[in-house]
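Remarks on the overall topology
Next come the chains, spelled out residue by residue.
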Amino acid sequence: MRKGKTTSGFAFAFDEANADDMRLVDALAIVMDGASSSFEVISAASRATELLLGREQKLALYDHIGKDYGGRVPSEPLMHELEEIMSSGEDAEKNS
């Protein structure tokens, strides 16, 4: 189990097995692909968040982000949080 907290204060935990899922890899490939449309990138970021964290934590992350945006969840802050969560897992792995 990987646990951490983003710089904005969102506490997360995910099963390491979730990161070893080709559906997550496929979604992240779309997020990182410069040729994908904005809609495809946003949709893939949402899918990747749910695949990694699960539905409950995804919704909690949306609530967390929405506090700063009048209840809305803009794509940029979501992608920043997802990147931090993914990086945090890598850092924890390197430090093990």
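Here's a quick rundown of the structure. (Residues numbered from 1 in each chain as written. Predicted model: local features only at pLDDT ≥ 70, side-chain atom pairs only at ≥ 80, totals over all residues. Heavy atoms only, no water.)

Observations concerning the packing of helix α2 (residues 38–53) against helix α3 (residues 55–66)
Direction vectors running N to C along α2 and α3 enclose 125°, while the axes themselves pass 7 Å from each other. Between α2 and α3, the angle falls in the class oblique. Here α2 and α3 pass one another in a crossing that is right-handed. Taking contact as the criterion, the partners of Ser46, Thr49, Glu50 and Leu53 in α2 are, on α3, Arg55, Gln57, Lys58, Leu61 and Tyr62. Here the contact of α2 with α3 is built from residues that sort into three nonpolar, three polar and three charged. (Axes fitted to C-alpha atoms, helices over the stretch in contact; angles between N-to-C directions. Helix = DSSP H or I, 4+ residues; strand = E, 2+ residues; numbered from the N terminus. Parallel < 35°, antiparallel > 145°, perpendicular 65-115°, else oblique. Left-handed = near helix turned anticlockwise from the far one by under 90°. Contact = heavy atoms within 4.5 Å. Nonpolar A, V, L, I, M, F, W, Y, C, P; charged D, E, K, R; others polar.)

A word on the layout of surface pockets
Of the voids in this model, the largest pocket is the one considered here, and its volume is about 240 Å³. For the lining of the largest pocket, the elements supplying multiple residues, two or more each, are α1 (22–32) and α4 (75–94). Considering each element in turn, the lining of the largest pocket owes the most residues, seven residues, to α4. The residue inventory of the lining of the largest pocket, partitioned by class, reads six nonpolar, two polar and two charged. (1 Å grid on protein atoms, 1.4 Å probe; cavity = no way out; pocket = protein on both sides within 12 Å on 5 of 7 lines; lining within 4 Å. Points joined across faces, edges and corners; volume = space filled by probe spheres on them.)

With respect to the packing of α1 against α2
Each pair of packed helices gets described by two things: the angle between the helix axes and the distance between those axes. Where α1 meets α2, the closest approach of the two axes is 8 Å, and the angle between their N-to-C directions is 150°. Of the possible angle classes, the one that applies to α1 and α2 is roughly antiparallel. Both α1 and α2 take part in a crossing whose hand is left-handed. Between α1 and α2, the contacting residues are Arg23, Leu24, Ala27, Leu28, Ile30 and Val31 on the first element and Glu40, Val41, Ala44, Ala45, Arg47, Ala48, Leu51 and Leu52 on the second.

Regarding the nonpolar core
Within the largest apolar cluster, 16 residues are counted, with the highest numbers of intra-cluster contacts made by Leu52, Leu53, Leu61 and Ile85. For this core, the element with the highest residue contribution is α2, accounting for five residues. With residues near it in sequence (within four places) discarded, Ile85 still touches Thr6, Phe10, Phe12, Phe14, Leu52, Leu53 and Leu61. (Core = buried A, V, L, I, M, F, W, Y, C linked by side-chain atoms within 4.5 Å. Buried < 20%, exposed > 50% of the residue type's maximum accessible area, 1.4 Å probe, protein only.)

What to know about the pairing of strand β2 (residues 11–14)
On β2, burial follows the alternation: Phe12 and Phe14 on one face are buried, whereas Ala11 and Ala13 on the facing-out side are not. Relative to β2, strand β1 (residues 2–5) runs antiparallel, the two being bridged by four bridges. Bridging from a neighbouring strand, Gly4 pairs with Phe12 of β2. In textbook terms, the turn of a hairpin is the stretch between consecutive antiparallel strands, and for β1 and β2 this stretch comprises five residues, one of which, Gly9, has a positive phi near 100°. (Pairing = 2+ DSSP bridges.)

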